[in-house]
Amino acid sequence: FFFFAQERQRQRPGRQRRAGAASQALHIMNAQVIQLEDGWNKLKTGGVLKIEEILEDASGGVYKHRISTDEYSQLYTTVYTMCTQKPPNNWSEPLYNNYCEAVIDYLTARILPRIKEKHDEAMLRELVRRWENHKTIIRFLSHVFKYLDRFYVKRLSLPELAEVGSQKFLEIVFNAVKREVRTAILELVRRERECEQVDKQLIKSVIDIFVEMGGSRASLETYATDFEEMLLSTTADYYSRESAKWAGNDSFPEYMRKAEDRLKQEQDRVANYLHSSTEEKLLKVCEEQLLQNPEQQLLEKEHSGCEKLLLDNKTEDLSRMFRLFSRIPTGLPPIANIVRKHITDVGLALVKKQSVNAEGDLMPYVQELLDIHDKYTELVGSGPEKGCFQGHNIFHKAMKEAFEVFVNKDIGKSATAELLSNFCDNLLKKSGERLSDEALEDKLEKVVRLFGYLSDKDIFAEFYKKQLAKRLLLARSSSDDAERSMIAKLKLRCGAQFTSKLEGMVTDMNLSQDIQSAFAEHVKDKELELDTDLTVQVLTTGFWPTYKSDELNLPKEMLQCIETFKAFYDLRTSHRRLRWVHSLGSATVVGKFTPSGKSKEHDLLVSTYQACILLLFNEADSMTFSDIQGHLNLPAEELKRYVLSLCVGKYKILTKDPAGKEVAPTDKITYNAAFSDRARRIKVPMIAAKITQEEKDATRATVDEDRKHAIEAAIVRIMKTRKSLDHQKLVLEASTQLMRHFKPDPKQIKKRIEDLIHREYLERDPSNPNLYKYLA
């Protein structure tokens, strides 16, 4: 101890030399019996009272007097002797009782009155000083009475002397002044919250006393009951008043800035002087008053609430809102509801605006949908520290639900599924939007994300299949890699069954190249001579869209090639039959013209139908439209488009009399010998046939037919596994299975069940008509 440690250290080197003398002295003392009164007077005067006086006279941590090592040794020896004397002179029990009484007298007469005569901060300082002195006294006396502690106290399982000292301080001093002390501390905390300067170290020292009153078991019960409960209560009251004031006067962003600042201050307050166990409870109280209770009022503030922040794209304020309200259990759902409503409103407004111009170009509408999706994807974010809402699931769900509302709205007679497919077609065909590989990949990824919100994914698939077919067959695809990438993205989202036909189409194109190479080898080996070079693409009927068959009368130049290829193909396979689709074919025809009397040739890149029309003019310079139709055996409406493309298009290879865009059976079509162009190689465009509503309806009909089969397959799969199932559960399970590709109508499912019963795949239970059984 600081009273005698220095002197004790100086004496240690001589300890061994004095061992004999000390032993002799101890022997002499042991020989003398110490009476209780004499011994206690010596201990009280030389120990208890002296240490009290030393501490009382101390000033600024400097002690005017000290207890020497010899004095300490005498006190210790006295206790030792009194405790080791044989009965009836063993004074262990009276010494223990006298020690307790001395502590009580000291606390009652000297300490408590000194503390109670002061108030507020002065009282707190006095309490801290007296507690530190008390701990010092108890430490000293515990060493003096150590022998008592080690044997008598231990043997009888009594409270140790140091514990007695702390317990008596709690009972006599602390319990008498704790209310006034607590009030004084809470006042200092309030003043600090009002931005006044306070003595934080003083508060911490007093708080430590509340903690230390828990005793040697480090229990926080006293701290929690006598201080923390009232701190939390006054904090709730304080921030309830502050919250009401801010909510009335400040905008939502200003309120959040103040709340965030106050929460940070409270965290610092715990670090500065409160016990660490208080942090969670204190912040919870603050969050309840500043965030939870006024949340709805704040979010719905007229000119600065959550909706306004979203409209003005106030990302910093939205991020702060997420940080704050994610602290409370019920904080995020109300915000997610507002976000969902906001995105839905934005989307529906776009749909309404576009519906006014439903007959125009709808590709900008799809781009706007992608832009909206980009904006809110960035807002929601993809993970911690990314986006205002840090990728939280509740906001991804809100965004998904919002997009599902308006993405599935039709624009006029066009479904978004069809528009998305058209948009992809525009990206992937050569004549479409020019993008770098990276930009194209990025845009396709965005389209597929938007596609994920479609409830009728099978409609998209049907339109996409038809457009992919055209790109592949007419060599209009800008990139094979991009085509494969898009199919892979759709497969990842919807499964292998969804993209099996698309993958089959791409595979067919690769196989066709192999067949073409084999055909070339065949022609060479057999030394066959063809008037025309022929390239054939052999397609698997099940993968490709259904194309109309025609009874086109081919010119002899083409007929020879087709017969030769058919003979070659029949040698390769005996179980497959070729059906020729001329509507998708193309040809290069050499045209000989005599402009200004000079001979000139052009390579004309035309469709198979256009080539057949042109080859007729090798036999005659002019003929009527009905003659052409008679030769080729094509439907009149279809033929008109091809004739007009050669007469009134950009390149007038033929002329029509009378001129104009209407074609009558008697119109005269004449070979234009005077045709000329700078380019040797000319691609003759078709007069584009607009996609009619009938074609769209036909696509929808195909989808509806496919849906019937899909529903029936799902029902059979389920019933085969379950053997028997009631109606509601069967409809629910079938809907769940089919939801990945389209949203089935329960009425349609019921119809398919009835049809399957009629076809004896299922039967009704005789005793329960709502229960179905599977028939193996």
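Conventions used here
Residues numbered from 1 in each chain as written. Predicted model: local features only at pLDDT ≥ 70, side-chain atom pairs only at ≥ 80, totals over all residues. Heavy atoms only, no water. Helix = DSSP H or I, 4+ residues; strand = E, 2+ residues; numbered from the N terminus. Rg over C-alpha atoms; globule rule 2.2 N^0.38 Å. Buried < 20%, exposed > 50% of the residue type's maximum accessible area, 1.4 Å probe, protein only. Pairing = 2+ DSSP bridges. Axes fitted to C-alpha atoms, helices over the stretch in contact; angles between N-to-C directions. Contact = heavy atoms within 4.5 Å. Core = buried A, V, L, I, M, F, W, Y, C linked by side-chain atoms within 4.5 Å. Phe/Tyr/Trp six-rings, centres within 6.5 Å; stacked < 30°, edge-to-face > 60°. Lys NZ or Arg CZ within 6 Å of the ring centre and 35° of its normal. Polar contact = N/O pair within 3.5 Å; in protein donor to acceptor, adjacent residues only side chain to side chain. Expected span 1.5 Å × (residues − 1). Lys, Arg positive; Asp, Glu negative; His and termini not counted. Salt bridge = Lys/Arg side-chain N within 4 Å of Asp/Glu carboxyl O. Disulfide = S-S within 2.5 Å. pLDDT = per-residue confidence, 0-100. Parallel < 35°, antiparallel > 145°, perpendicular 65-115°, else oblique. Left-handed = near helix turned anticlockwise from the far one by under 90°. Bend = angle between axes of the 7 residues up to and from the residue.

1. Describing the overall build of the protein
Now for step 1: Assigned secondary structure in the protein consists of 30 helices and nine strands.
Now for step 2: Here the C-alpha atoms of the protein give a radius of gyration of 49 Å, more than 25% beyond the 28 Å that 2.2 N^0.38 yields for 776 residues.
Now for step 3: Principal axes of the C-alpha set define a box for the protein whose edges measure 155 × 70 × 60 Å.
Now for step 4: A burial count over the protein gives 44% of its 776 residues as buried.

2. Observations regarding the sheet that holds strand β1 (residues 586-593)
Now for step 1: Taken in spatial order, the three strands of this open sheet run β1-β2-β6, and their pairing is mixed. With partners counted over all chains shown, the strands left at the sheet margins are β1 and β6 (681-683), one partner each. Between one strand axis and the next, the sheet turns by 25° as a mean value, whatever way the strands run.
Now for step 2: Bridge analysis of β1 against strand β2 (residues 600-607) gives eight bridges, and the strand direction is antiparallel. When the bridges of β2 are listed, lysine 592 appears paired with glutamate 601.
Now for step 3: Most of the contacts of helix α25 (residues 608-616) go to β2, to which it runs at about 140°, and overall it touches β1 and β2.

3. Some thoughts on the pairing of β1
Now for step 1: Residue alternation in β1 divides its side chains into a buried set, Ala587, Val589, Gly591 and Phe593, and an unburied set, Ser586, Thr588, Val590 and Lys592.
Now for step 2: From the end of β1 to the start of β2, which pair antiparallel, there are six residues, and serine 596 there has a positive phi angle of about 55°.

4. Section: the nonpolar core
Now for step 1: Among the nonpolar cores identified, the biggest contains 163 residues, and Phe145, Ile185, Met321, Phe325, Phe389 and Phe460 are the most heavily contacted of them.
Now for step 2: Counting residues per element, this core draws most heavily on helix α8 (residues 161-193), which supplies 14 residues.
Now for step 3: Those residues in contact with phenylalanine 460, other than ones at most four positions away along the chain, are Ala417, Leu420, Ser421, Cys424, Phe451, Leu454, Met486 and Leu490.
Now for step 4: The next biggest cluster of nonpolar side chains, apart from the first, holds 36 residues, and it includes Leu552, Leu614, Met623 and Ile653.

5. Some details on the packing of aromatic side chains
Now for step 1: Enumeration according to the criterion identifies 28 aromatic pairs in this entry.
Now for step 2: A ring pair is formed by phenylalanine 565 and tyrosine 569, whose centres lie 6.2 Å apart and whose planes are at 15°; its orientation type is stacked. One end of the pair, phenylalanine 565, and the other, tyrosine 569, are both in helix α24 (residues 556-572), four residues apart, so they sit about a helical turn from each other. Accessibility classification places phenylalanine 565 together with tyrosine 569 in one group, the buried group.
Now for step 3: In this structure an aromatic cluster arises from ring pairing among Phe519, Phe565, Phe568, Tyr569 and Trp580.
Now for step 4: Positioned above the aromatic ring of tyrosine 464 is the side chain of arginine 471, whose terminal nitrogen or guanidinium carbon lies 5.3 Å from the ring centre.
Now for step 5: For arginine 641, the ring lying beneath its charged end belongs to tyrosine 642, and the centroid distance is 5.4 Å.

6. Digging into the sheet that holds strand β3 (residues 622-624)
Two strands in a sheet stick together by hydrogen bonds in their backbones, pointing the same way (parallel) or opposite ways (antiparallel).
Now for step 1: An order of β3-β5-β4 is seen for the three strands of this open sheet, with the pairing classed as antiparallel. Lying at the two open borders of the sheet, with one neighbouring strand each, are β3 and β4 (654-657). Across this sheet, the average inter-strand angle for adjacent strands is 25°, counted without regard to direction.
Now for step 2: Where β3 meets strand β5 (residues 668-671), three bridges bridge the pair, whose relative direction is antiparallel. Directly across from methionine 623, in β5, lies its bridge partner isoleucine 669.

7. Regarding the environment of tyrosine 376
Now for step 1: Position of tyrosine 376 among the secondary structure elements: in helix α17 (residues 363-380).
Now for step 2: Other than its neighbours up to four places away in sequence, tyrosine 376 contacts His342, Ile343, Val346 and Met399.
Now for step 3: Reaching out from tyrosine 376, the side chain makes a polar contact with the side chain of histidine 342 at a distance of 2.7 Å.

8. Brief notes about the side chain of arginine 471
Now for step 1: Structurally, arginine 471 is set in helix α21 (residues 457-473).
Now for step 2: Residues within four places of arginine 471 in sequence aside, it is in contact with Asp425, Leu428, Lys429, Tyr464, Arg476, Ser477 and Glu483.

9. Some thoughts on α17
Now for step 1: Compared with an ideal rise of 1.5 Å per residue, which puts 18 residues at 26 Å, α17 spans 26 Å between its outermost C-alpha atoms and is within 8% of the ideal.
Now for step 2: As for α17, its buried residues are in contact with α14 (306-311), α15 (315-325), α16 (332-355), α18 (393-407), α19 (416-428) and α20 (437-451).

10. Digging into the side chain of glutamate 462
Now for step 1: Note that glutamate 462 resides in helix α21.
Now for step 2: Buried and without a salt bridge, glutamate 462 has lysine 465 as its closest oppositely charged side chain, separated by 4.0 Å.
Now for step 3: Once residues within four sequence positions are removed from consideration, glutamate 462 is found in contact with Thr699, Thr702, Val703 and Asp706.

11. Digging into the state of the cysteines
Note on terminology: disulfide describes a covalent bond linking the sulfur atoms of two cysteines.
Now for step 1: Counted by the stated rule, this structure contains zero disulfides.
Now for step 2: Here cysteine 195 stays unpaired: no disulfide links it, and the sulfur of cysteine 286, its closest cysteine neighbor, is 15 Å away.
Now for step 3: Using a relative accessible area of 66% as the deciding quantity, one classes cysteine 195 as exposed.

12. Side note on the confidence of the model for the protein
Now for step 1: Residue-level pLDDT values for the protein average 84, and 93% of them are 70 or greater.
Now for step 2: When the criterion is pLDDT under 50, residues 1-31 qualifies, and its contacts beyond four places in sequence or with other chains add up to 30 contacts.

13. Side note on unusual backbone geometry
Now for step 1: In this chain, proline 87 is followed by proline 88 through a cis amide linkage whose omega measures 10°.
Now for step 2: Structurally, proline 88 is set in the loop between α4 (69-84) and α5 (92-116).
Now for step 3: Cis geometry marks the peptide bond from aspartate 657 to proline 658, where omega comes out at 5°.
Now for step 4: With respect to the helices and strands, proline 658 occurs in the loop between β4 and β5.
Now for step 5: Look at asparagine 313: it is not a glycine, yet its phi comes out positive at around 55°.
Now for step 6: You can see asparagine 313 is positioned in the loop between α14 and α15.

14. Here's the deal with the packing of α25 against helix α27 (residues 636-647)
Now for step 1: At their nearest, the axes of α25 and α27 sit 10 Å apart, and the two run at 70° to each other. Relative to α27, the element α25 is oriented roughly perpendicular. As α25 runs across α27, the sense of the crossing is right-handed. Contacts from Tyr609, Gln610, Ile613 and Leu614 of α25 reach α27 at Glu638, Leu639, Tyr642, Val643, Ser645 and Leu646.

15. A few points about helix α10 (residues 221-249)
Now for step 1: In this model α10 runs 41 Å from its N-terminal to its C-terminal C-alpha over 29 residues, within 8% of the 42 Å that 1.5 Å per residue would give.
Now for step 2: Its axis deflected by about 40° at glutamate 228, α10 carries its strongest bend there.

16. A few points about the pattern of salt bridges
Pairing between side chains becomes possible if they bear opposite charge and their charged atoms approach one another.
Now for step 1: A full pass over the atoms with the stated rule returns 60 salt bridges.
Now for step 2: Residue lysine 168 pairs with glutamate 171 through a salt bridge whose shortest N-O separation is 3.6 Å. Note that lysine 168 and glutamate 171 are positioned in helix α8 at a spacing of three residues, about one turn of the helix.

17. As for the packing of α16 against α18
Now for step 1: At their nearest, the axes of α16 and α18 sit 8 Å apart, and the two run at 25° to each other. Regarding the angle of α16 to α18, the classification is roughly parallel. Every pair of crossing elements has a handedness; the one defined by α16 and α18 is right-handed. In contact with Leu332, Pro333, Ile335, Ala336, Val339, Arg340, Ile343, Thr344, Gly347, Leu348 and Val351 of α16, α18 contributes Ile394, Phe395, Ala398, Met399, Glu401, Ala402, Phe403, Val405 and Phe406.

18. Concerning the pairing of β2
Now for step 1: Pairing of β2 with β6 involves three bridges; the strand directions are parallel. Paired with leucine 604 across the strands is isoleucine 682, a residue of β6.

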